[in-house]
Amino acid sequence: MITMRRVALTVALLVLCGTLAFAQIFPEEETLDVVYTTDGSVLRGRIVEDVPEEYLTIEIYGGSRFVIAVENIVEISTTPNGDYGKSATEYTV
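The notes below deal with the structure included here.

### Examining the overall build of the chain
On a plain count of helices and strands, the chain comes out with 1 helix and 5 strands. Its helices and strands taken in sequence order, the chain reads α-β-β-β-β-β from the N to the C terminus. Relative to its full complement of 93 residues, the chain shows a buried share of 20%. The long-range share in the chain, meaning contacts at least 24 apart out of those at least 6 apart in sequence, stands at 47%.

Quick look at the structure:
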């Protein structure tokens, strides 16, 4: 016969496994890539493709991707994650 204790332990184990699986699929980035462009735009996200002397692709919060030619890049740096994703107003292109 199944006891309440066994049911509670099973549910707790399933919740723990689900939480760990979610954390592995969507790990939180500790830093963000920051790309400054010649037109004054500042893009914060994750560089997903970098073709030397041609272009790079940065993915920002929400999944949008921007391809930027190397000649349009002023600087690339990193910054702590902080409040990434709380405001989309700082992303201008």
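### Focus on the nonpolar core
One recurring pattern in soluble globular proteins: nonpolar side chains tend to sit buried together. By size, the foremost hydrophobic cluster in this structure holds 6 residues: V35, L43, L56, I58, I68 and I73. Among all residues touching L56, those that are not within four sequence positions of it are V35, I47, E49, D50, F66, V67, I68, I73 and I76.

### Examining the sheet that holds strand β2 (residues 42–51)
The strand order across the open sheet built from 5 strands is β4-β3-β2-β1-β5, with neighbouring strands paired in antiparallel fashion. Because the sheet does not close on itself, it has two edges, and the strands there are β4 (65–69) and β5 (73–80). With strand direction ignored, the average angle separating the axes of adjacent strands in the sheet is 45°. When strand β3 (residues 55–60) meets β4, the two strands line up antiparallel, connected through 5 bridges. What sits directly across from I58, in β4, is F66.

Rules and cut-offs
- Residues numbered from 1 in each chain as written.
- Predicted model: local features only at pLDDT ≥ 70, side-chain atom pairs only at ≥ 80, totals over all residues.
- Heavy atoms only, no water.
- Helix = DSSP H or I, 4+ residues; strand = E, 2+ residues; numbered from the N terminus.
- Buried < 20%, exposed > 50% of the residue type's maximum accessible area, 1.4 Å probe, protein only.
- Contact = heavy atoms within 4.5 Å.
- Core = buried A, V, L, I, M, F, W, Y, C linked by side-chain atoms within 4.5 Å.
- Pairing = 2+ DSSP bridges.
- Axes fitted to C-alpha atoms, helices over the stretch in contact; angles between N-to-C directions.

None of the figures reported here should be taken as evidence of function without further support.
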